[in-house]
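# Examination of the molecular architecture
In case you want the letters, here they are:
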Amino acid sequence: MFDDVNDLYQQVILDHCKQPRNFHEMPDATRMAQGHNPLCGDNLKLFLTLDGEVIKDASFVGSGCCISKASASLLTDNVKGKTKAEAEKTFEQVRGMITTGKVNGDVGKLAVFAGVYKYPARVKCAILSWHALMGALRGEAAPVSTENDQT
Ligand code: ZN
């Protein structure tokens, strides 16, 4: 049974890796952040359009492994329409899930990354876009590196 679930999760990740959603530059973005994961070579730029406290639109560009691209793709789908506070809560849920495998609350499709904790080298790939999101929400200009966090 668990193998079936893993297969399903892998299919979702592969789908978002091969055909990433919201994969484009956003010239009128109000926030932008870069993420870099030197351990794997993942690089991405995340764009947000904020309207007050609400994330109206999100997109990304970049290159990297399948996990990092699928994570950014699902992230941009997930945070559209959320408030900053809701996105921060989702970040905490995703970080907990990716590092422990335990899902706390409803994370929707992001649950496909619950198995990543078994592969420590992949954890930073999966969390990269989320750190970029937090950097963008905080309005930090410096690129986000997975080497500077406690994940
Ligand atoms: Zn990677």
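Structural data are supplied above this passage.
This text gives an overview of the structure that appears in the document. What you are looking at is a predicted structure, and each value in this text was computed from that prediction instead of being measured.

To continue, consider helix α2 (residues 66-79). Here α2 contains 14 residues, and its C-alpha end-to-end distance of 20 Å stays within 8% of the 20 Å for a straight helix at 1.5 Å per residue. By the criterion of burial, α2 is predominantly enclosed, with 11 of the 14 residues buried. Phi for G81, located one or two positions after α2, is positive at around 90°.

Now for the coordination of the zinc ion. Every protein donor of the zinc ion is listed here as C40 (SG), D42 (OD), D42 (OD), C65 (SG) and C125 (SG), and their distances to the metal cover 2.2 to 2.6 Å. Considered as a linear motif, the donors of the zinc ion on their single chain read C-x1-D-x22-C-x59-C. Of the two residues, D42 sits in strand β2 (residues 42-51) while C65 sits in the loop between β3 (54-63) and α2, which places them 23 residues apart along the sequence. The pair formed by D42 and C65 is uniform in burial state, with each residue classed as buried.

Bringing the pattern of salt bridges into the picture now. By the definition in use, this model includes 4 salt bridges. Between K84 and E53 there is a salt bridge, and its shortest N-O distance comes to 3.8 Å. Here K84 is found in helix α3 (residues 84-100), whereas its partner E53 is found in the loop between β2 and β3, with 31 residues between them in sequence. For K84, a relative accessible area of 18% gives the class buried. Of the charged contacts in the structure, one is a salt bridge between R95 and E92, with a shortest N-O distance of 3.1 Å. Here E92 and R95 lie together in helix α3, a separation of 3 residues that amounts to about one turn. On the basis of relative accessible area, R95 is assigned to the partly exposed category, the value being 28%.

Right, let's get into empty space enclosed by the protein. By the definition in use, this model includes 1 cavity of 30 Å³ or more. What lines the largest cavity is D42, N43, L44, F60, G62, S63, G64, S68, K69 and L128. Those elements that place two or more of their residues in the lining of the largest cavity are β2, β3 and α2.

In protein chemistry, a disulfide is the covalent bond that joins the sulfur atoms of two cysteines. In this structure the tally under the stated criterion is 1 disulfide. C17 shares a disulfide with C66; S-S distance 2.1 Å. Between C17 and C66, the S-S torsion sits near -110°, and that sign places the bridge as left-handed. Of this pair, C17 sits in helix α1 (residues 2-18) while C66 sits in helix α2, and the two are 49 residues apart along the sequence.

The rules we used
Residues numbered from 1 in each chain as written. Predicted model: local features only at pLDDT ≥ 70, side-chain atom pairs only at ≥ 80, totals over all residues. Heavy atoms only, no water. Helix = DSSP H or I, 4+ residues; strand = E, 2+ residues; numbered from the N terminus. Expected span 1.5 Å × (residues − 1). Buried < 20%, exposed > 50% of the residue type's maximum accessible area, 1.4 Å probe, protein only. Donors = N, O, S within 2.8 Å, 3.2 Å for Na, K, Ca; no water. Salt bridge = Lys/Arg side-chain N within 4 Å of Asp/Glu carboxyl O. 1 Å grid on protein atoms, 1.4 Å probe; cavity = no way out; pocket = protein on both sides within 12 Å on 5 of 7 lines; lining within 4 Å. Points joined across faces, edges and corners; volume = space filled by probe spheres on them. Disulfide = S-S within 2.5 Å.

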